[in-house]
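# Close look at the chain arrangement
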Amino acid sequence: SQYSAVDTNPLSVYIMQPIWNKIIKIVPLWIAPNLLTFSGFVMILFNYFLISFYDWDYTASGTSPGLVPTWVWLFSAFTTFCAYALDSIDGKHARRTQSSTPLGELFDHGLDSWATSIFVLSFFSVCSRDNGKTGVSVYTMYIYLSIVLFNFMCSHWEKYNTGVLFLPWGYDISQVVLIAAYLLTGTVGVEVWQKPLLFGYYITDVLVILLIGFSLFLSFPQTLYNIHRAHLKKTLKNDSLYEGLLPLVSPLLLFVLLTVWVVLSPSNILAKQPRLFLWMVGVAFSNVICKVIICQMSSTRPELFHWFLFPLALVVYAAISGLLGCMEEVVLGVFTALVTAAHVHYGVCVGRQLSEHLNIYIFSLKKRVQE
């Protein structure tokens, strides 16, 4: 299917696009678009691990403000901008070099589905977790991450049904806000997040309220409206309601299972290991959504239950029933490692299959020699 996307966000159309059009001119024509996409993702990952090194349990900003060096925040602003730029020009570069392929589209959206959670997890280090005076509780972090991932899921569920990706307004706005937040933290210090901004509200409160407002009153209604409009125009990809709602089953069950674990965990797992738990949430979600993206691109039907749900259900049952006892953290660690390995393996396999099928290399514009 031909890729089609619609971007109506004024910030993107009037400010960012002209910048990308300038930047794209300096990219050499021999560079493969997927290399741009992948470089951006690697920068986000590297930045995430760098912040994790200084602030594993999300307390650095709240308890000892100097723990994360200033250069780390400035570096975060730099990597976030680079990743944002690379993610915005990869498609333009593909059109320039006439190398747009389904592999590129999948590569871009697949990495985006993972990067989305990593952006959020890096940002939590700025506001730090609740220490009684300032910061955000780990439960707010979990809800915040879930809302962002819900938004991502909605735009791809919408594409599954309409065939068109309506780029969510939240994307450009969130990237600009992230870069500004890192710059602010780097120049003023983390203390800026610990003083009330307006009427006793902190900047973090304002951002959470904005995010929830944006999602519930802008993104989600827009998704439903676009699907409804396609239904009226009779351009919907799926005739039955069941088919149309199918891609939502696994992500929603994933969310239910994870939330049950968070709420009923005997050792309060989210408070003990927020970084591990939230990372696992992001990876599991990314894998589930990649399957939906592939189904949408290949016009195939997604399976009702994603395979991750079965081992997860077992682990959650063992945890909340007290079977794991004091082993809950260890099991979370092992499960997180396995889910991450499975996701990377899945990505590599799909990439290989597509590159062989389409007779192209992933990171080079040279054509493969037919065997």
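Computed from a predicted model, the values in this text were never measured in an experiment.

It is worth spelling out the overall build of the protein at this point. Looking only at helices and strands, the protein has 13 helices and two strands in total. The globule rule puts the C-alpha radius of gyration for 371 residues at 21 Å, and the 21 Å found for the protein is close to it. Seen through its C-alpha atoms, the protein measures out along the principal axes to roughly 60 × 50 × 45 Å. Residue burial in the protein is summarised as follows: out of 371 residues, 51% are buried. Looking at charge distribution, the protein has the averaged site of its 21 positive side-chain charges lying 8 Å from that of its 20 negative ones.

Mapped onto the elements of the fold, S125 is located in helix α5 (residues 102–127). S125 gets classed as buried once you look at its relative accessible area, which sits at 0%.

What follows concerns the UniProt feature "transmembrane region" (unreviewed entry) in the protein. The UniProt record marks residues 26–50, 70–86, 136–154, 197–220, 241–264, 276–294, 306–324 and 330–348 with the feature "transmembrane region" (unreviewed entry), using the residue numbering of this structure. For residues 70–86, the helix share is 100%, the strand share is 0%, and the end-to-end C-alpha distance is 25 Å. Helix makes up 100% of residues 330–348 and strand 0%, whereas the separation of the span's terminal C-alpha atoms amounts to 27 Å.

Okay, the packing of aromatic side chains next. This model, assessed by the stated rule, comprises 27 aromatic pairs. Ring geometry for F107 and F363: centres 5.7 Å apart, planes at 75°, overall edge-to-face. With a gap of 256 residues between them, F107 in helix α5 and F363 in the segment after α13 (328–357) connect regions that are remote in the sequence. On the accessibility criterion, F107 (17% relative accessible area) is buried. Summarising the aromatic geometry, the rings of Y142 and F255 are spaced 6.1 Å apart at their centres and angled 5° between planes, so their arrangement reads as stacked. With a gap of 113 residues between them, Y142 in helix α6 (residues 138–162) and F255 in helix α9 (residues 241–264) connect regions that are remote in the sequence. Overall, the relative accessible area of 38% leaves F255 in the partly exposed class. The structure contains a cluster of three or more aromatic residues connected by ring pairs, namely F46, F53, Y54, W71, F75 and F78. It is R275 that lies over the ring of Y58; its NZ or CZ is 4.1 Å from the centre.

Time to look at a nonpolar patch on the surface. Taken together, the side chains of L197, L198, F199, Y201, V206, I209 and L210 present a nonpolar region at the surface, about 740 Å² in accessible area. Looking at where I209 falls in the secondary structure, it is placed in helix α8 (residues 203–232).

In the structure shown here, the tally under the stated rule is four salt bridges. Of the charged contacts, one joins E105 and K159 as a salt bridge, the two residues approaching to 2.6 Å between their closest N and O atoms. Of this pair, E105 sits in helix α5 while K159 sits in helix α6, and the two are 54 residues apart along the sequence. Its relative accessible area of 10% is what places E105 among the buried residues. As a salt-bridge pair, R301 and E243 come within 2.9 Å of each other at their nearest N and O atoms.

About the thresholds
Residues numbered from 1 in each chain as written. Predicted model: local features only at pLDDT ≥ 70, side-chain atom pairs only at ≥ 80, totals over all residues. Heavy atoms only, no water. Helix = DSSP H or I, 4+ residues; strand = E, 2+ residues; numbered from the N terminus. Rg over C-alpha atoms; globule rule 2.2 N^0.38 Å. Buried < 20%, exposed > 50% of the residue type's maximum accessible area, 1.4 Å probe, protein only. Lys, Arg positive; Asp, Glu negative; His and termini not counted. Charge placed at Lys NZ, Arg CZ, Asp CG, Glu CD. UniProt positions renumbered as here; feature names shortened; annotations may be inferred. Phe/Tyr/Trp six-rings, centres within 6.5 Å; stacked < 30°, edge-to-face > 60°. Lys NZ or Arg CZ within 6 Å of the ring centre and 35° of its normal. Patch = residues over 30% accessible without salt bridge, like charges linked within 9 Å, V, L, I, M, F, W, Y side chains within 5 Å. Areas by Shrake-Rupley, 256 points an atom, 1.4 Å probe, with all protein chains shown as cover. Salt bridge = Lys/Arg side-chain N within 4 Å of Asp/Glu carboxyl O.

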